[in-house]
Structure formats: structure tokens, C-alpha cells
Amino acid sequence: LVPPACDGWNRCVDLHSGHMCYACQAGAWRAQAMDSCSTCPPREVQWSSFVLTWGISFVACFILGAMSMDAALWGHMHAVIMRMLVNHAAVMVFLGSFVDWELEPLLGKDGADSVAALMTVLSFGGGVPRATLLLDCIFRSDTGTAWEAAQMQFVFWLLCPLASVIACIFASIVVFELGTWGYRLRAFTTNSQVVLKSIQQIEDPYTSNQGRGGHSTSSFAFKIQDRVLCLFRQEVANAKFADRVLLTYRDIRGMLLICFYLVWPPTFQFFLSMVHCRDIGDGAGSRLLIAPEVMCWEGDHTPFGIGAILLTLLLGIGFPLFLADVGRSWQMIEDDPRWKSIYMFFADGYEDGKAWWEALPQLRRAVCFLIPVLPVSRETQLGIFTAVMLLLLALHVKVKPFDNRAYELLDRLELYSLMLAAYLGLTLLVCYYSLPYYGNRDTQLLPVIVSMASMALVMMHTRLSFLFHQFLGKFVLLLWACLFLYVYLGFQSTAESKKAAVTVLFFGMLLMHGCFAVWCLGMMSAKVKASAAEGFVRSKVKLVNAMLAEAKKDADHHTDGQPTWTSRGRSTGSNDMNQVKQILSRKETAAPLELAVAAVRDSKMESCYDSMMIRMAQSRLHRKEAVVRLDHHTGSLILGLHPDALESEDGSISMSARKLLAESGPFLSIDERGMVAMSLYQALQHVLVECALEVISTDILEFLIRWAFAAKYRRERVTEKMHQKHTVEKEPGKVGLEVSAAGLLKAKIAERGMTAEQFQSELLIVNRMDRKRLEEELADFIRLLRAKEKIVLEERAARAEQPVQEGNAGEGDDYLKLTRGMDTVPAMQDRLVVSKMVDRSPQRVDRSGHQFAALLPAMNQME
């Protein structure tokens, strides 16, 4: 079964023994079922590797839990990108099941060793790496048998999921308790008083102690509460020990599911190995490969085999069905951040009604673990793997279940993952069938070539890119097809040239998988950086609000000017009051990011963490981002120049104009324009198809554009008000995030622009409206819009009857005077072209404000 185990003279090589030299001697182990035996490291190294593996796994669980919590609260995409990368890692498990002696006829000795080592590194399975635990060495003593070690491992993996969850709970409580006692020790040293709070006060700080009413703000309060390690609520430190344990458990429920998600792959793989039987060639029948001295389904193996099958079905089918049930009910809980934070890691990224699709990637992982265990030849395993990946690829292209954020980024990631997996199976099939000892190769390879040609034609017409270039992606695909054809048709070529072509195919496939992993990690790190910067801004803006509230309290109770100690251990004297006045004066004009950086600089308590976050925040502050803007007077969406405008060579724009255009950037890229177009298309599809409105107004586009800006403005205002109310500990009453039709016509919503990704995410709210609400909101908006237009027309008619005097020019007259006569001056002509292209014309004055103000009371009442 393993040719390197025998030296050719009916003798076993070192570390091998037993029937057909397949079994490993005591003190040896194998990482794969078809691999050669290796020497176990010393006991100290074994236990060190065991502890280190579990430690890194728990740290990874904490990180994924924090990312999932952040995604549930603030909508970032780093968690879903990481989940898709982990799901893709299961594909590499099947690739890693190929060992060096199997690849040697294809790649030669040196190439096979290099490829096998690289595949072993990449095939960690998307969970706790079972190979680095060294359980075969730990549980097998110097005189014990492999079956005894397998029985102990069965008990270990049976208890492992539950024990891992309990260990996560215990570790979380210990970590939070250390932080709690550090917080209380710091309060003791600064003579600050710690006020104990009940569970109700922490869970819903805006309700009274008499009852559980007023839950309208509890979910949003859960969202804006300060958190330790982005996971634990800081307010929990003020509770009693029993309450802290309960609230800590509530905060980490999502992390516990992620812990099971990471333990699931090695547990599923081991139970599969307990029924992995083969005939090793001694004529005695099938033997258990994990313990070759045991005959399958005889003696002690029967109860363990039945238990392994039941547990395999429970893990391989039960867990995906559980996720499908969660996805089916996702729409009922996604508006509540409490429940959303529990299942966010598994249901994030899907369109409405399609969150159950996550069951298919988990079934794909189970199939990738199952295929190497099937008692068939390698070629049959490759055929099954390729057929499954092609089927999943066709289903994904047909359904496209992921949402359209970042211009269908998630759909593209899944497309690339399935495409790489399918090409992996096709590559291995072509290489295996190119060996000289296969018979009718043309008939055997015909389905493979047809599948490869079909995929190549489809991918040539998609937005396939490599290293962020579509042309390079198509070139790589064409080069791959040429190598396929050379390996398929070049049967009369030399062995060295054939091995060179196969080696290029293998290393190219591994390079593509590595590039995919690096691309996902790069996007995830960018999202994490953005999330960290936004969290830093939120915490420091809240600190500014706290300083202002404390200064107000101090001014009300201490008017003698003497410094007093606050709850934060700082003295509020005349110097601090001057600092507060400076921050207050800056607060009205500064952006939130500038205000946060200034708050840390002014506090004179800057730590290393603050310095790092300041640099990160400032890098985002000074980084220019292309934004879309709303012209409040016309309702137009200003996108700026097309990226190809500066590259035109027709001579219509001079060099000075190009320079001015470049300085007025950055402008939206083609992908960012695609985000805006896709968001509007999806919203219009919801209005026309899902809501099925019979009459569509021409103002629907302006309604959708204004809705995106109003939703962003409303979210920022509510967050700021909640921070202020939470700081002064007052009951804010009912606070909602809904946008009213009257709010769409306010000029404040157009004060700031937004990125194309933000525009797309805000407009997704429209897709959740039912028909009744959409008709009401649209009717109110059109009614108010017509009222405003009527007043504007009446004002223009009234001004037209009066003679135009200096200083009382009509709307747009100043701009005409400014641009008159510029056609004869080349430099001024360039500036005129630039002003028209980037919309730098002077803002038109709305002279109907005094009459339109009559509508404001009714609009505010509606809001």
C-alpha cells in the first residue's frame, strides 16, 4: 500500500513493521494515511506542540469572535472574508492527501518532495491542525499498540467539542476578571468610587428600575457600549461576580459557536479515519489503516466503527443543517444586534432570504474531508472531487447568493475559490492520465478536456483578474489551457519536457491558491484597519462628550475654581476648563476623526496604544478617498470625472486643464462607479419586481439617492445623541433610525459626501421595505417635493417682475458675469472647462427659504 515502506527484498525499512510493512513501530507516527512513518519527537516537544497548538487556536477563536462582534455591530466585512478563506482551506486538505511517492512519477524526486512539502503547509483544513497535536505519539507508549492509541483518541475527540467550549468560557471569564480587578485597582489608587450595577441597568441603561419597559433603545445601547478587546462590554465590570459571569457568557455566545467551528474539522477527520479501511495486499481482508493490526468490522472495531459513523453523520450533516436553520430565520433576528452577534459569523454576507446557503460551503468541507477516505482509486477520487466542484460552481453562478457590497466582492471571492478548486481537480486528472501506463487515454480524458474548455470559455467572458489586472488574468488562463493541451497531446514528447510542463502546472496551481489566500488576507487586513480606526474615533468622541459633561457638572456644583477629582481620576481645574473650551470650540467645525485625534493630544495622557491608533487614524484622515456628493438644490448625484477622462489623447483638454483636474481628485474608479450603479439597480429591482408597484414616478431615482444620504446622516446623529445621553445618564426616550420623507429634503444631509461603498451599504435599507411602507414614503416625498418646487417657481416669477439691480441678481447671474469673456483667454478657458467638469460652479442661493420654512413645522411633526 505504501511502496517506500519496503526495501524491495521483503524487508521493512526503519520505523515500519507489521503486515506488508504498513504499520508504524512504537515511537513513530504518520501524518497521512498513505505517508511514510516518521520518528516521534521527544516528550517535551510533543506536549509543547500540543499546548501551543491549542493556545494558538484559542487566540484565533478570540480574534474571530471579536471580528464577528464588530461586524454585527458596525457592518464591516472582515469576518465574512475570513470565513470564506477558512472554507476554502478545506480544498487544500484534499490536495494535501497526496504524498511525495504518489507525485514522483509526475514530477520527479525533487519536484515531488518540494510540492508535497508545500501542500502539507497549505492543507491545515480551516480548523485546529490535527497533525501538530501529535496525538499518535502522545497516546501511544513505547510498548502500546496503535489500536490502544486509537481508542484513547476516540474518547479525546468525542469530548473535545464540549471541552473546547467549556475551556473558551473559562478562559473568557479569567481574562475579563483580570481586566475587572485591574480596573478596580486603578479606581482604588485614584480614590474613585465604583458604583455597582444590576443586570438590568447594564443590559438596558435607559429604562427605569421598576420594570422592563422601553426596550426601543436597549438594542442600540448594546451596540454603542464600550467594549474590552472588541468583545466584552466594559459596563459589566461594575456588576457583581455572578452577574459578571452571566453577562460575559452572553457576550461570548458567538465566539463559542466559532470555537466549535474550528474544532469541527479535526474531529470530523478523526471519526472518518476510524472507518478508513483498505486491503493492504496481504490477502487477509480490509484492515483499519489507523491501526493495521485490527481487522475492520471484527471484534472491538465494530462498536467503535458504528459510533464513528453516527458521529460522522451528526457532524457532517447535522452542523450544516443547523446553519441552514439559522439562515432560514436570519431575517427575524438580523435587526437585533444581541442575537445578530451570536450568528453573525455564519450568516453575514448573504442576500435577504439566502443566509441558509452557508450550509453548502460546510457540506463542501465535509466532502473534501470524505473523498480521500473513499475506498477507490486516486483517479476516481479526483473525478468525484472535480464533479462536485463543477456542480457547486454552476450553482453559484446561477444563484449568486452573496450581497453586492463592494461591487459583488463576496460573489467574486466565492467564484474564484470554486474555480481554483475545479481547476485543481482538472489539473490533477490531466497529469495522472498523462502517465504512460494508462490505456485508452483519449477516451478517459475527453470529459476532462470538454469541462476545461467550457470553463475557459466562460471565464474568458467574466471579470477574471490576476494581481488586479483583468488582461493578466485572461493571459494566465490562456497559458494554463496551452499547458493542458501540451500535456494531453504531447504523449510522444520526452519525459523531461513532460515533467517540466506538469511541474509548471502544479506550482502554478499552488501559486494561484497562495495568491488567493494573500488577496483575502490583504482585504481582511484593510477592513480590520478601517474598523480599528472607526472604533478609535468612536471611543475618543465619547471621551470628549464625557469631558464636557463632567465639566458641566463641575461648573454647576463647584464655582470656587478649585480643582476636584472626577470619576476618571483627573482633576478639573482652570487648566482643564480651558482645555474643555478649546475642544468645545473645535467640536462644532472639526470632523469626528480630527476631533478624536485632538482629544488625545489635548488630554496629555497618550499611551503607546493611543499613539499607534493616532498614526492609523491620521493615515486614514490624510488619505484621499473618492466620494459621491449630493446637490441638495437639484437632487443630483455628483460622481465626478470618469477615470478615463484624464487619459484621453484627443487634444480637447490642455495640459494645464489636466493638472487642475488631477489636483481636484481623486475620482471614482470604474469599480466604485459599478458599486453605485449596482446599488441603484438592486433598489429599482426591489421597487419594480418585489414590491410590484403599478405606477412608477420619475422622481423615484431622486428619492433613492436622497434616502442613502439621509440614512447616513440620521445614523450619525442618532449615534452622537446616544453617546451624549449615555454620558450624562439620562433617559433619552425613543430613538429610532428610520428616515422620514421630510428628512430627505433637509439641506444637512448633503453637507458631507460618502464613499461608493458607504452609498451602497446605506441604500440596502430600501430593499427591506415592504410595499405599503414604500408607497407611503414615496407619496410623502413627492408631495413635499412638489410643494417646494411650487414655492421656488412662485419666487422666480416674483423676481422676474422686478428689475434686476446690482447686489440682487437672479439665480445664476453671478456665475454668468464671472464666466463672461473667458472664451478669449486660454488659461481662463481651461479653468472654465474644469469648473464645468468637476461641478465647481458657485452654489445657487435658495431664495425661497422664508416661504419653504412654513412647511418645516409639519415636516418636523411627521419626522
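Basis of the calculations
Residues numbered from 1 in each chain as written. Predicted model: local features only at pLDDT ≥ 70, side-chain atom pairs only at ≥ 80, totals over all residues. Heavy atoms only, no water. Core = buried A, V, L, I, M, F, W, Y, C linked by side-chain atoms within 4.5 Å. Buried < 20%, exposed > 50% of the residue type's maximum accessible area, 1.4 Å probe, protein only. Helix = DSSP H or I, 4+ residues; strand = E, 2+ residues; numbered from the N terminus. Contact = heavy atoms within 4.5 Å. Phe/Tyr/Trp six-rings, centres within 6.5 Å; stacked < 30°, edge-to-face > 60°. Lys NZ or Arg CZ within 6 Å of the ring centre and 35° of its normal. Expected span 1.5 Å × (residues − 1). Bend = angle between axes of the 7 residues up to and from the residue. pLDDT = per-residue confidence, 0-100. Disulfide = S-S within 2.5 Å.

## Regarding the nonpolar core
Thinking step 1. Of all hydrophobic cores here, the largest spans 168 residues; its most connected members are Ile81, Leu413 and Phe759.
Thinking step 2. For this core, the element with the highest residue contribution is helix α15 (residues 405-433), accounting for 18 residues.
Thinking step 3. The contacts of Leu413, once residues within four sequence positions are left out, are Ile81, Met84, Phe516, Trp519, Cys520 and Met523.

## Brief notes about the packing of aromatic side chains
Thinking step 1. The tally for this structure, following the rule as stated, stands at 28 aromatic pairs.
Thinking step 2. Ring geometry for Trp147 against Phe304: centres 5.5 Å apart, planes inclined by 80°, an arrangement best described as edge-to-face. Here the residue Trp147 occupies a position in helix α5 (residues 146-189), and Phe304 occupies one in helix α10 (residues 301-328), the gap between them amounting to 157 residues. For the pair Trp147 and Phe304, a shared accessibility class is recorded, and that class is buried.
Thinking step 3. Among the aromatic side chains, those forming a connected cluster through ring pairs are Phe260, Tyr261, Trp264, Phe268, Phe319, Phe345, Phe346 and Phe369.
Thinking step 4. Above the plane of the ring of Tyr22 lies Arg30, whose end atom (NZ or CZ) is 4.1 Å from the centre.
Thinking step 5. Over the ring of Trp339 we find Arg253; its NZ or CZ atom is 5.7 Å from the centre of that ring.

## Observations concerning α15
For an α-helix the count is 3.6 residues per turn, leaving residues at separations of three or four pointing the same way.
Thinking step 1. Look at α15: 42 Å from first C-alpha to last across 29 residues, which is about the 42 Å you get at 1.5 Å a residue.
Thinking step 2. Where α15 bends most, at Arg412, the angle is about 30°.
Thinking step 3. For α15, the tally of buried residues reaches 29 of 29 residues, placing the bulk of the element in the interior.

## Focus: the environment of Val121
Thinking step 1. Among the secondary structure elements, Val121 is positioned in helix α3 (residues 100-122).
Thinking step 2. For Val121 and Gly96, which are 25 residues apart along the polypeptide, the C-alpha to C-alpha distance reads 8.3 Å.

## Quick look at the confidence of the model for the protein
Thinking step 1. Scored by pLDDT, the protein has a mean of 76; 69% of the residues are at 70 or more.
Thinking step 2. Of the regions scoring below 50 in pLDDT, residues 559-577 engages in 29 contacts with residues more than four places distant in sequence or in other chains.
Thinking step 3. Note on residues 726-736: pLDDT under 50 across the span, and 25 contacts to partners over four residues away in sequence or across chains.

## Brief notes about the state of the cysteines
Thinking step 1. Summed over all chains, the structure comprises four disulfides.
Thinking step 2. Residue pairing for Cys24: its cysteine sulfur links by disulfide to Cys37, the two sulfurs lying 1.9 Å apart. Taking the torsion about the sulfur-sulfur bond, which here is approximately -85°, the covalent link between Cys24 and Cys37 counts as left-handed. Here Cys37 lies in the loop between β3 (28-29) and β4 (38-39) and Cys24 lies in strand β2 (residues 23-24), a separation of 13 residues in the sequence. Of the two residues, Cys24 and Cys37, both sit in the buried class.
Thinking step 3. Between Cys277 and Cys296 runs a disulfide, and the two sulfur atoms are separated by 1.9 Å. Note on the Cys277 and Cys296 pair: the S-S dihedral is about -105°, so by sign convention the disulfide is left-handed. A residue pair is termed long-range when its members are at least 10 positions apart, and Cys277 in strand β7 (residues 277-279) and Cys296 in the loop between β8 (286-288) and α10 qualify at 19 residues. With respect to burial, Cys277 and Cys296 carry one shared label: buried.
Thinking step 4. When the cysteines of the protein that form disulfides are numbered from the N-terminus onward, they connect as 1-2, 3-4, 5-6, 7-8.

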